[in-house]
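Listed below, chain by chain, are the residues.
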Number of protein chains: 2
Amino acid sequence: MTQRLKVIGNYISPYVRKLLVCLELKGLDYEIDPVVPFFGDERFSQLSPLRTIPVMIDGDLVLNDSSVICQYIEDKYPQVPLYPTDVADRARARWLEEFADTRLGDVLVWRLFYEKGIRRHVFGEETDEAVVNDALERAIPSALDYLETQLPAEGFLFGALSIADIAIACFFRNAAFVRYTIDAQRWPRTATFVARVHALPAFQKLAVFEERSLRVPVPQQRELLIELGAPVSAESLSGTTPRKGVRRIA
Amino acid sequence: MTQRLKVIGNYISPYVRKLLVCLELKGLDYEIDPVVPFFGDERFSQLSPLRTIPVMIDGDLVLNDSSVICQYIEDKYPQVPLYPTDVADRARARWLEEFADTRLGDVLVWRLFYEKGIRRHVFGEETDEAVVNDALERAIPSALDYLETQLPAEGFLFGALSIADIAIACFFRNAAFVRYTIDAQRWPRTATFVARVHALPAFQKLAVFEERSLRVPVPQQRELLIELGAPVSAESLSGTTPRKGVRRIA
């Protein structure tokens, strides 16, 4: 019998989303402790040396880093494969996942979503408009110019849906949270590709929890998610006061 | 017949070193274009969207990101396996590789080696002593405290030598370039572990090219390496003028 997997990390995080989409697609049983890393307590620091999310617990095994965890899930539960079979395609898929995790994470999450969303609503600070404007005018277009050369006009990157499609689409959810839309005239492949992946049932199911999480302060998210039927764990590692200085993500 | 693999990237880079050690251990035939990313020309930008090294070319396939490339090498050339067989150990090995690539990269390379080495010798700027002091007093000890809880007193992390041992040891080479030594009283496991991995023939072979590369200006490295018998490629993507703004590495 497979025991229930435990995910530590909030529905708002693109890295947590990547893992949850994989778990949903593979039909695995899991529960979630929707910790926001800024709020994690000392037990969270013990489980996550870099204070990143997601953390995944499978019995005695504690794992960090979304890419490491997703590959572990694939290795241990190969049904519904999410990595291409061909060795070269598999490497290209991992590269595009890495591009999403680092470059899209930088331009869409840290320079846009963090500035317009987290900074204001979690820390009560002003958005740095210069950072946002530079992201919108220069950094995001540069990343999208590259993606446009990589993405297919129809379907997914490597035939069947893979970790690369999932990872890329996850970051555009966070951009959408602060009302960013992809200019379909300028980046038609990227715009239709992202819409296609977001329309998948796994993304749609999680979107309900994401959108509701965004509307309440962090300390109230847990109760709301339970009401909505999210698989929230009984125990939590969340503290009640945010701490800054956590910039690296996983 | 296996064609010769091509590696783009300098012997000084810990990420390039990780790949080269894997290639040496697997006995694969390769050539190297010892580009320093700050000097790469426009063709380099085309092959490396984030201007990171290493890039690896295997026939028509161009790959970026050292972790992606090393995993590809393992998948395609499984002889002399460098990833643990056990699924949980394999995930833990990948996590420790990621910890090395991000956290050790940050504290040992960017805050220490870059400040004391690259900044002065490539860009002709002054070292920021505040950054170096903070690294030595706080950031590096914190990372080593974690490593000390993970590393074995003898042998390697997962029995046979793996990507985790290699990755961790690679970063301490760069620290050694600027005369950093691990305090063996405070971190005895880390100190002996790193010495043990550095003593492997693959590390020793590369060390010759590393040490000589450090002693000459970038534009003269290529010729010197050829004299030393390094497998330097006939073509080069290196320009002659450094450009800044490349902070992310792979």
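Note that the coordinates shown come from a computational prediction; the quantities given were computed from them, not determined experimentally. (Residues numbered from 1 in each chain as written. Chains lettered and ligands numbered in written order. Predicted model: local features only at pLDDT ≥ 70, side-chain atom pairs only at ≥ 80, totals over all residues. Heavy atoms only, no water.)

Engineer: Looking at this structure, I do not really get the overall build of chain A. What am I missing?
Structural biologist: Scanning chain A for helices and strands turns up nine helices and four strands. If you list the helices and strands of chain A from N to C, you get β-α-β-α-β-β-α-α-α-α-α-α-α. For 250 residues, the compact-globule estimate of 2.2 N^0.38 gives 18 Å, and chain A sits close to it at 17 Å. When the backbone C-alpha atoms are referred to their principal axes, chain A occupies close to 50 × 45 × 30 Å. The buried share of chain A, reckoned over its 250 residues, is 60%. In chain A, the share of contacts with a sequence separation of at least 24, taken over all contacts with a separation of at least 6, comes to 72%. (Helix = DSSP H or I, 4+ residues; strand = E, 2+ residues; numbered from the N terminus. Rg over C-alpha atoms; globule rule 2.2 N^0.38 Å. Buried < 20%, exposed > 50% of the residue type's maximum accessible area, 1.4 Å probe, protein only. Contact = heavy atoms within 4.5 Å.)

Engineer: What exactly am I supposed to notice about the layout of surface pockets here?
Structural biologist: Rolling a probe over the atoms, with the probe sized like a water molecule, indicates the empty space that remains. Residue and element names in this part refer to chain A. Estimates place the volume of the second largest pocket at around 910 Å³. Lining the second largest pocket are 40 residues, and of these I12, F113, G117, I118 and L214 lie nearest its centre. Contributing elements (two or more residues each) for the lining of the second largest pocket: helix 1 (14–26), helix 4 (87–121), helix 6 (163–177), helix 8 (201–214) and helix 9 (218–227). Sort the elements by how many residues they give to the lining of the second largest pocket and helix 4 lands first, with nine residues. Residue classes in the lining of the second largest pocket are distributed as 24 nonpolar, eight polar and eight charged. (1 Å grid on protein atoms, 1.4 Å probe; cavity = no way out; pocket = protein on both sides within 12 Å on 5 of 7 lines; lining within 4 Å. Points joined across faces, edges and corners; volume = space filled by probe spheres on them. Nonpolar A, V, L, I, M, F, W, Y, C, P; charged D, E, K, R; others polar.)

Engineer: Would you mind going over the relation of the copies chain B and chain A with me for this structure?
Structural biologist: Each copy of the chain is related to the other by a rotation around an axis and a translation along that axis. For these two chains of identical sequence, chain B goes onto chain A by a turn of 180° and a shift of 0.0 Å along the axis, with RMSD 0.0 Å. Read as a symmetry element, the transformation amounts to a two-fold axis. (Least-squares fit on C-alpha atoms with pLDDT ≥ 70 in both.)

Engineer: Which parts of the structure should I look at to understand the sheet that holds strand 3 (residues 55–58) of chain B?
Structural biologist: To summarise the sheet geometry, strands pair through backbone hydrogen bonds and adopt either a parallel or an antiparallel arrangement. All names here are of chain B. The strand order 2-1-3-4 describes an open sheet built from four strands, whose pairing is mixed. Every other strand in the sheet has two partners, leaving strand 2 (30–33) and strand 4 (61–64) as the edge strands with one partner each. Each strand of the sheet is rotated relative to its neighbour by a mean of 20°, with strand direction disregarded. Here strand 3 pairs with strand 4 via four bridges, running antiparallel. From the neighbouring strand, I57 faces strand 4, where its bridge partner is V62. (Pairing = 2+ DSSP bridges. Axes fitted to C-alpha atoms, helices over the stretch in contact; angles between N-to-C directions.)

Engineer: Explain the sheet that holds strand 1 (residues 5–8) of chain A here, please?
Structural biologist: Residue and element names in this part refer to chain A. Strand order in the open sheet made by the four strands is 2-1-3-4, with mixed pairing throughout. Each edge of the sheet is formed by a strand with only one pairing partner; in this case those strands are strand 2 (30–33) and strand 4 (61–64). For this sheet the average axis-to-axis angle between neighbouring strands, irrespective of direction, equals 20°. Across three bridges, strand 1 lies against strand 3 (residues 55–58) in antiparallel orientation. Paired with I8 across the two strands is V55, which belongs to strand 3.

Engineer: I keep staring at the environment of I32 of chain A and nothing clicks. Help me out?
Structural biologist: Residue and element names in this part refer to chain A. Checked against the element boundaries, I32 lands in strand 2. For I32, a relative accessible area of 0% translates into the label buried. Separated by 199 residues in the primary sequence, I32 and P231 have C-alpha atoms spaced 6.0 Å apart. Discounting chain neighbours no more than four positions away, the residues touching I32 are V7, G9, Y11, V16, L20, P231, V232 and S233.

Engineer: Would you take a moment to explain the pattern of salt bridges for this structure?
Structural biologist: For side chains of opposite charge, pairing can occur when their charged atoms come near one another. The final tally for this structure, using the stated rule, is 40 salt bridges over all chains. The residue D58 of chain A makes a salt bridge to K76 of chain A at a minimum N-O spacing of 2.9 Å. With D58 of chain A in strand 3 and K76 of chain A in helix 3 (residues 66–76), the pair connects residues that are 18 residues apart, well separated along the chain. The class for D58 of chain A is buried, based on a relative accessible area of 6%. In this structure, E210 of chain B and R17 of chain B form a salt bridge, with 2.7 Å as the shortest nitrogen-oxygen distance. One end of the pair, E210 of chain B, is in helix 8 (residues 201–214); the other, R17 of chain B, is in helix 1 (residues 14–26), and 193 residues separate them in sequence. Taken individually, E210 of chain B and R17 of chain B each receive the classification buried, so the pair is uniform in this respect. Connected through salt bridges with shared partners, the residues R103, D106, R111, D134 and R138 of chain A form a single ionic network. (Salt bridge = Lys/Arg side-chain N within 4 Å of Asp/Glu carboxyl O.)

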